[in-house]
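Commentary on secondary and tertiary structure
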Amino acid sequence: MDQQDLFHYLSAHAGPPELARYAAQALPVHAALGGCLEELLGNGETLARTERYGLLQGLAAAWPAGVPQGTVAMDIHYLETQRVDPVSTGEWVSWLHWAAVNRGRRDVADGLANAGIDLPWQTLCSHQRPYGVFGPVEGEVGRVDRRPGLPTPTEASGLPDRAAG
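My aim in this report is to walk through the structure given alongside it, one point at a time. (Residues numbered from 1 in each chain as written. Predicted model: local features only at pLDDT ≥ 70, side-chain atom pairs only at ≥ 80, totals over all residues. Heavy atoms only, no water.)

1. Notes on the overall build of the protein chain
Per the secondary structure count, the protein chain includes nine helices and zero strands. When the helices and strands of the protein chain are listed from N to C terminus, the series reads α-α-α-α-α-α-α-α-α. With 165 residues in all, the protein chain has 35% of them scored as buried. Across the protein chain, every contact between residues at least 6 apart in sequence was considered, and the portion connecting residues at least 24 apart equals 59%. (Helix = DSSP H or I, 4+ residues; strand = E, 2+ residues; numbered from the N terminus. Buried < 20%, exposed > 50% of the residue type's maximum accessible area, 1.4 Å probe, protein only. Contact = heavy atoms within 4.5 Å.)

Laid out in structure tokens, this is it:
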């Protein structure tokens, strides 16, 4: 049995409590070594049942030079670098849910919410820019500090606009 087969076996079988505890910790590393970590990260229900530290180990094994931009892996990476330190599994899954909603990954967010874990909160909607996204975002137009029809801060103050001259 190779790492990918082991990942699929552990994902599909809750088994005895000892196997479930092992899977919660080791599933991301098996997925990384089997080349299918993206599959795990795209399945909210399976993702919710994995331990945070195991996810970080899986990310390090899959992408030793750094996680890819614009992915659920990036969200997990940024939650770690911002020192989000949840006190419970439910809080961790709530943070993952928040990040998935920010990224527009409703499929992952719904899976996280439906995993049978008691979440202290759920994010209903978000207009926050997802982690690691730079430049224009599809569906968003214009500058963050300017709304069409409203004066810029410089225009409102009556001062000359240095950028214009």
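Having seen the structure, we can now continue with the description.
2. Examining the side chain of Arg103
Following the sequence through the fold, Arg103 ends up in helix α7 (residues 89–103). A polar contact is formed between the side chain of Arg103 and the side chain of Asp75, at a distance of 2.7 Å. (Polar contact = N/O pair within 3.5 Å; in protein donor to acceptor, adjacent residues only side chain to side chain.)

3. A look at helix α8 (residues 106–113)
Within the sequence span of α8, burial applies to Val108, Ala109, Gly111 and Leu112. Along the axis of α8, the buried positions cluster into a sector of 165°, meaning they face one direction only. Looking at the packing, one finds that the buried side of α8 touches α3 (37–41), α4 (44–48), α6 (72–81) and α7. (Arc of directions from axis to C-beta.)

4. Overview of the nonpolar core
For soluble globular proteins, nonpolar side chains are generally found buried alongside one another. Of all hydrophobic cores here, the largest spans 34 residues; its most connected members are Leu41, Leu47, Ile76 and Leu112. With seven residues, α7 is the single largest residue contributor to this core. Leave out the neighbours within four places in its chain, and Leu41 touches Leu47, Leu55, Leu59, Trp63, Val72, Ala73, Ile76 and Val108. (Core = buried A, V, L, I, M, F, W, Y, C linked by side-chain atoms within 4.5 Å.)

5. Some thoughts on the packing of aromatic side chains
Following the criterion strictly, the structure yields two aromatic pairs and no others. Between the aromatic rings of Trp95 and Trp98, the centroid separation amounts to 5.5 Å while the plane-to-plane angle is 85°, which identifies the pairing as edge-to-face. A residue pair is termed a helical-turn pair when its members lie 3 or 4 positions apart in one helix, as Trp95 and Trp98 do in helix α7 at three residues. With relative accessibility at 23%, the residue Trp95 sits in the partly exposed group. Taking the relative accessible area as the measure of exposure, Trp98 reaches 15% and is therefore buried. A centroid spacing of 5.5 Å and a plane angle of 90° characterise the contact between Trp95 and Trp121, whose relative ring orientation is edge-to-face. You can see Trp95 sitting in helix α7 and its partner Trp121 sitting in the loop between α8 and α9 (153–157), a full 26 residues away along the chain. The ring of Trp92 carries Arg52 above its face, with NZ or CZ at 5.6 Å from the centroid. (Phe/Tyr/Trp six-rings, centres within 6.5 Å; stacked < 30°, edge-to-face > 60°. Lys NZ or Arg CZ within 6 Å of the ring centre and 35° of its normal.)

6. Brief notes about empty space enclosed by the protein
A full pass over the atoms with the stated rule returns one cavity of 30 Å³ or more. Approximately 30 Å³ is the volume found for the largest cavity. Lining the largest cavity, in full, are Leu47, Val72, Asp75, Leu96, Ala99, Ala100, Val108 and Leu112. Of all the elements in the fold, those that place two or more residues in the lining of the largest cavity are α6, α7 and α8. No other element matches α7, which puts three residues into the lining of the largest cavity. (1 Å grid on protein atoms, 1.4 Å probe; cavity = no way out; pocket = protein on both sides within 12 Å on 5 of 7 lines; lining within 4 Å. Points joined across faces, edges and corners; volume = space filled by probe spheres on them.)

7. Some details on unusual backbone geometry
Phi is positive for Arg83, close to 65°, though the residue is something other than glycine. For Arg83, a relative accessible area of 71% translates into the label exposed.

8. Some details on the packing of α6 against α7
Any two packed helices are characterised by how steeply their axes cross, that is the angle between the axes, and by the distance between the axes. Interhelical geometry of α6 versus α7 gives an angle of 130° and a closest axis separation of 10 Å. Classed by the angle they form, the pair α6 and α7 counts as oblique. The element α6 and its partner α7 pack so that their crossing is right-handed. Along the contact surface, α6 presents Val72, Met74, Asp75, Ile76 and Leu79, while α7 presents Trp92, Trp95, Leu96, Trp98, Ala99 and Arg103. Its residues assigned to classes, the contact of α6 with α7 shows nine nonpolar, no polar and two charged. (Axes fitted to C-alpha atoms, helices over the stretch in contact; angles between N-to-C directions. Parallel < 35°, antiparallel > 145°, perpendicular 65-115°, else oblique. Left-handed = near helix turned anticlockwise from the far one by under 90°. Nonpolar A, V, L, I, M, F, W, Y, C, P; charged D, E, K, R; others polar.)

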